[in-house]
Amino acid sequence: MILEKMNIQLPKLSNKDIEKGLNRQATVFETQLGYEQENLPFQYLELHPELIKMKNSPIRPKKLQEEVQHVKLSFGCISKDNLIRAWFLNKEPYIQYFVLLVVILNTVALSLYNYSYRIGSQVNNLHTIIIETVCNILFGFEILILCIMYGVYDGKNTYLRSVWNCLNVITFLSTWSIYFDDDATVVQFFKMLRLFRLFRLLEEINYLKQTIDNFFRSFLQIYKILVPLSLIMYGFSVIGLHLLKGATAYRCMKDGILDDTITNLCGSYKCPEAYECVEHFDLHHLQEEDFFYGFNNFDTIYESFLAVYMYLNATGWSGTLFIFWKHAPQEICAIYFISMLFILNYMLSNLFLASFYESFIVSSAIKNMAQIKNDKKIQRRHTIDVLNFKKISSNFHKINIITKLSGQQRISTQIVPIDLIEEMRPDSELEWKELALVIFDRILIITSTIILCLFSDDENKNIDDADFVMNIMTIFVIVLKMFLRFRSFFRQVANWFNMILIFGLSVTLLLENQGSKYDIYIVIKCCKALRLFELMYTTQFLGSIYILIRCLIQTLIQIKHLVILWLIVVYILAVMGTQFFSYYVLESEEIFIHYNGLGNSVMAVIMIFYNEEWHVSMYQHALYRPVWSFCFYLVIITLGQLLFMRLMQALFLNEFGEILSKEENQFPKFKIREKISKFLNKFSDKINSTRPLSQRQTEEYSNIPLTVDERIQTETFQSTNTSLLKIIVENKYYRLFILLINIISVIRTGIQNPLVDPNSDEKFTLNVIFIVVNIIFTIELVLNIMAYGFIDFIRQSTWSILNIVILTSNYVAIGTGIPNEFVFNMFDSLRILAFIKLGTDISVSLKNAVDALINAFAEMIQLSIFCFIILLIYAIFGLNLLRGKYNFCSLGEEFEFEIETKLDCMDYGGAWANKLLDFDNISQSLNTLFVVSTSEGWSALMVQAFNAVLPGHAPELNHQRGRAAYFQILFFIGNTILFGMFITLITKTYFQTKDEAQNLHLLNDKQREWYQIRQQIKKLKPKVKPIVPSNVFQRFAFNIMENENFQTFFLIIIGANLLILSLYYARMNATYQKALNIMNLIFIIIMTFEIICRIIAEKKLSYKIPIEEIGIFFQLFGWFMGGGYWPISVAFQVFRTHRIILNFEFMVKIFSAIFAVLPNALSMLLIMVILLYIYTNVGMDLFGYLRTQDSLNGYDMSFRSFWITMMTLIRVSSGELWFTAMIETSRLQSPEFACVYITNYDQYQEHGFNGCGTTLAYLYFISFQLIFSVLIFNLFIASILGAYDEFTKSVESAISKYQLNDVVKQWNRYDEYGRGFINYKLFWKLSSEIAIIFGVEQSDLLDINNKKRFLQALKIPIYEEKTSNIFCYKFHDVIISLTRISVTLKFGVTHLEPEDQAIYKKVYQEQDQDINSNFKSTHFNSGDMASIIYIQCKFREWKHRSLLKNNKKLVITGISDIRSFVKPKHKTFIELIKEQDVKK
């Protein structure tokens, strides 16, 4: 049967039902499964959707490779029966293995190529050339053999039909270029092409080839974000071009001579005395690192776009800002650059991450329900072929190919590391010998780790002896465990590690005893600390740490293929880097990242993938190889860092989140609010139980029953006072007054800083405001306590407790004379948290963010402990390898060659000092590792490790570059893995908090998605039909605005205007500039005319905030005024390009996603600003008198004013070289750093800005990083992911499909004024049109019973207009009902809403209460409509006949008119409807 072939199963029915249904549904199911438009006769399906059940449809992929029919003739003459061809086909697997060996050999040859001949060295690459030549000949034979096997080109599946094979042919031909010199550019190009053969290493390994294929195919998903992202970057580039073009030419000159010692632009920055700011462009003077070698500028649109591109990854953003805000106004530059940082890096960059989430996680549970149930083994075998299968490809359009492949591998393999480490049985099941050994081994692991942590730069023989004992005991315990469990010992991977460890320890102890000392011995002894992983993995009582380590290990196993792929790609790119740059750029103190040798090249490529100062390296290499440098770096940073590394991060987040969710029953929950509430309840009970006996007796006496009159008087008096106080404190004007006082207090605290003269009028005014404000807040506190009671007031919110603490601190400050102590100012700064409390009452997204912040705090503590342990293990290696080696002499570079040891430094009169970030003890090591894991610019710390020699020896340039591996592995562990765990945990907490706030945790996946669909429907609004004005001028303007040709013309003008703005450049010809200015003015006039026409036609502005109208004013004003107003004019002109974007559907969706994310982003931005405000005030008090240094130079970064302090903290929050600020603010008085400890204004007046730092800087900056960068910033990412996920689900849901847009258009025909309601008569007509849209045949609608069944299936509520008493239908109800029917028919999904009414009310109560005040709900729905119309018609006929004698007219408009004529003794209206249904 057709139905069986379509895998549709019908339950047993009567013969009548079968005859009635099957014949009419056969074509329905065919179209339903194959096409988007389907014919749906409703008589059977609408009333009985439960009769249809879909079977799990088996996937039928295309034939496998071995089943593919080869071409009959290859080369036009070799048939399939040819013996040679048949032999090759039979030996194909062996050929592939042989080719893999040749590929590896060729890769080794390319790696061994020595390029030092470029600097004149006498090297001989003959052996590599011979190997490469032999390999190339073999590759030529391979091409010939494969062409014989499959055919050349003519036919399906022939050799050259594959992109990989075409690449093989190109590399084969280009390899012969190795016999030519590098002098010609063409030869260099062909030598570069031959390096693409390295990618054959990926081609020959099947799963790597599939992964890389899928990675590039995923661009089909990414382009939807790349296009709008490029447009936004282009807009910022145009603005930057007009704001900063030519800025690099303004330098300080004296007597016409440029002073190279002043490495600043001038303009806003004032030149020293006797110097003047002159426009003098000289590229040679810009080729310094301080100016990014002259490449980072905004002189042309291309250079401007490159500078803006850096902000996508926040690469060197502060350096660019600090360069250019010395020329342009600081405020304008800060707004421009920080807005780029926020939009490009914080928002759009994370939308990339969200888009990968969309590719890795199935967005729609409803649409993919059938695919989830498919046979998993078949899915895994034929993943790629299934995605090309046309009839079912639409069902997979939302699943990224890479995700599908990795996801199926995960489903089918599910590698759970049960045997990774031996599972521990409960202690009660162990024998006493085995139990004692287990306990002793755990104690030994902890003790040996502690001893390794006790090492420091001061040599201590006792610690060395203790470590020696631990080594011996470790060997003994592992050997004993091996003998006790010999049969099962080697089944666990961890025990193999233990055996390697004891072997290494034995050899190390033996060799050290003979006097041999190498770093490898230190590494082997430190490997004892790795046994902590075994302890955490097998010790269940550690709770969350036990779960986290298991989840982390399983996650790393799941993504191991992607990590292997990344390492291979790094290796391939490193070999290519040596070809491009090796020995073209030589190493120096300034250029420490280079490609001179394969090891250096691998390090350089990894730094690009890590987004670590790659722009500086690119500019350095561009001085010698500009084209190759920009192409190489930009391609790697785009494909490698921006896409591949984010793909790896997204996959890690997805895998870790899924594994962690499986363990969430064991994961301890800690909710601070519940704990605080319980504490307050216990505190209240304790107060009542500990009151004095006399007081309780007095209360008991007072509890004697009063007379009725006394009780009434007492209750009335108490309730009157309480209610009066509540009215006062809840009054909106009172709250506005308190809000105003809060604003004054916040402004006063921001102005207050230690540089204000305590004897000045300004300080006196601030003190008076401080006292008055605190008096007002005290009165507010008293009123609240009297109104609600002390305990109830505290229970209201955490802010109530904090308010009391702040007031107490302020009164202590007043009592001590309002000193400039940072502790008091810190508490007073917390007053700004009141705005968060106010915001949570207004914004749901902010409330969710705050709740998630509180709920995530406890889990963050647990995860922080886990991360601390991992960093501790890694810090042990750095401590023992680098302790005491970070010393240097304070004399500087002039004595660099004379000083080799500490004694030499002393002889020359210098001081032997330590770097502030070193590995001298475990705490310093942890601090250094934390800095590397959380900052950009950590390569400077890596260079210090390069140069470290021995304790007591001066640094030596590039002494051990191999130490780069330690830092690069650390960055992967700290930034990618540990930081990813934080993101996953906070994202999970945010989603859970948000679901609980909306009661969505009570719904299943289908119901949750249906809720989101309904939410999206609620945002739809019927359009108002434009009314043609009667006024002549208005009609003229209206016709222009409605004319499509005019609108197209205006869009062309906007695009042309953007193009003209892009043609400006620095130092252009005056005539050329004048022509561009005139063209720009013409465009502005045309756009002004369009705005005026719109205002006249519509009699209103374009938005609530008339951005375009204000923009036109600034465009004209900026054009005529010029100067600093011109960039503002350009910004508004660029903003108008959004009109073009609105004409492209896919771009509208992406920009809609961006705007959907904005509310969540702005909520988190408010929290960020508040935190910045608090830390800014504390920073000014702590570091206001600090001495001027390299980074804290008083202009770019300092703590001397509120504005600059906040800008400093913004840079710190981005992670860019934030440790330099911590180092410079923690410097104490020492021989190499002369400073004075300044504590008050008088001392500042005496010594100026020459203050010392404080050790509190470590607490200040590390706490800021933990709270801001780790917690709040991750919560910001979570909010963006959540908003983007909701948007994509709503866009891809049924709201945008299944003809709902057509339904909305039909609705607009009957609701011209866009009220959202139409009367039942119009809906009766509309329902017929809607039924036809859904595939109902028009002939079926002629039967009133068919139409009645259709309306009964919809079940749309009926409303009654209060004024006219006419029955109406609500717009949103119609769309929701139609969507519900559509989803049910398409996927067979029922019960989209919870059947439990209590849950339904919790979830949908707010949605259902959204009713227009002019309408009221009734108990009827669309199913009753036919009966209502029938009864009204009959009633009208009857009444008409009864009134003919008196010539009266009767108007029946609603149910109330019928009620007025029907007497009570007659049947009710409901009874009449039921009776009518029975008759039919």
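So, how was this worked out
Residues numbered from 1 in each chain as written. Predicted model: local features only at pLDDT ≥ 70, side-chain atom pairs only at ≥ 80, totals over all residues. Heavy atoms only, no water. Pairing = 2+ DSSP bridges. Helix = DSSP H or I, 4+ residues; strand = E, 2+ residues; numbered from the N terminus. Core = buried A, V, L, I, M, F, W, Y, C linked by side-chain atoms within 4.5 Å. Buried < 20%, exposed > 50% of the residue type's maximum accessible area, 1.4 Å probe, protein only. Patch = residues over 30% accessible without salt bridge, like charges linked within 9 Å, V, L, I, M, F, W, Y side chains within 5 Å. Areas by Shrake-Rupley, 256 points an atom, 1.4 Å probe, with all protein chains shown as cover. Salt bridge = Lys/Arg side-chain N within 4 Å of Asp/Glu carboxyl O. Axes fitted to C-alpha atoms, helices over the stretch in contact; angles between N-to-C directions. Parallel < 35°, antiparallel > 145°, perpendicular 65-115°, else oblique. Left-handed = near helix turned anticlockwise from the far one by under 90°. Contact = heavy atoms within 4.5 Å. Nonpolar A, V, L, I, M, F, W, Y, C, P; charged D, E, K, R; others polar. Expected span 1.5 Å × (residues − 1).

1. Details of the pairing of strand β5 (residues 250-254)
Successive side chains on a regular strand alternate, one facing one side of the sheet and the next facing the other. For β5 and strand β7 (residues 276-279), the ladder comprises four bridges, and the chain directions are antiparallel. Residue pairing in the sheet places M253 in a bridge with E276 of β7. Of the strand pairs in this sheet, β5 and strand β6 (residues 257-258) are connected by two bridges, and their pairing is antiparallel. Within the sheet, the bridge partner assigned to M253 lies in β6 and is L258.

2. Considerations on the nonpolar core
Judged by nonpolar contacts, the single largest core of 289 residues is most densely connected at L202, F337, L344, F866, M981, F1261 and F1276. Counting residues per element, this core draws most heavily on helix α41 (residues 844-882), which supplies 22 residues.

3. A short note on the sheet that holds β5
Each strand in a sheet pairs with another by means of backbone hydrogen bonds, the pair being arranged parallel or else antiparallel. One open sheet accounts for three strands, arranged β6-β5-β7; its pairing is antiparallel. On the outer flanks of this sheet lie β6 and β7, each paired with one strand and no other.

4. Thoughts on a nonpolar patch on the surface
There is a patch of nonpolar side chains on the surface, built from F98, L126, I130, V134, I137, L138, F141, L144, W176, Y179 and F180 and spanning about 1,100 Å² of accessible area. Per-element tally for the nonpolar patch: the top contributor is helix α6 (residues 126-150), with seven residues. With respect to the helices, strands and loops of the structure, L126 is situated in helix α6.

5. A closer look at the environment of G597
Counting through the fold element by element, G597 comes out in the loop between α28 (560-581) and α29 (598-609). You can call G597 partly exposed: its relative accessible area is 28%.

6. Thoughts on the packing of helix α7 (residues 163-174) against helix α8 (residues 185-194)
Interaxial distance between α7 and α8 falls to 8 Å at its minimum, and their mutual angle equals 135°. Considering their axes alone, α7 and α8 lie oblique with respect to each other. Considering only the axes of α7 and α8, their crossing is left-handed. Side by side, α7 and α8 meet where I170, T171 and S174 of the first sit next to F190, L193 and R194 of the second. When its residues are assigned to classes, the contact of α7 with α8 shows three nonpolar, two polar and one charged.

7. Quick word on helix α24 (residues 493-513)
With 21 residues, α24 should reach 30 Å at 1.5 Å per residue; the first-to-last C-alpha distance of 30 Å fits that figure. Every buried residue of α24 is accounted for by A494, N495, N498, L501, I502, G504, L505, T508 and L509. G515, located one to two residues past α24, shows a positive phi value of around 95°.

The values reported here are purely geometric and, on their own, carry no functional implication.
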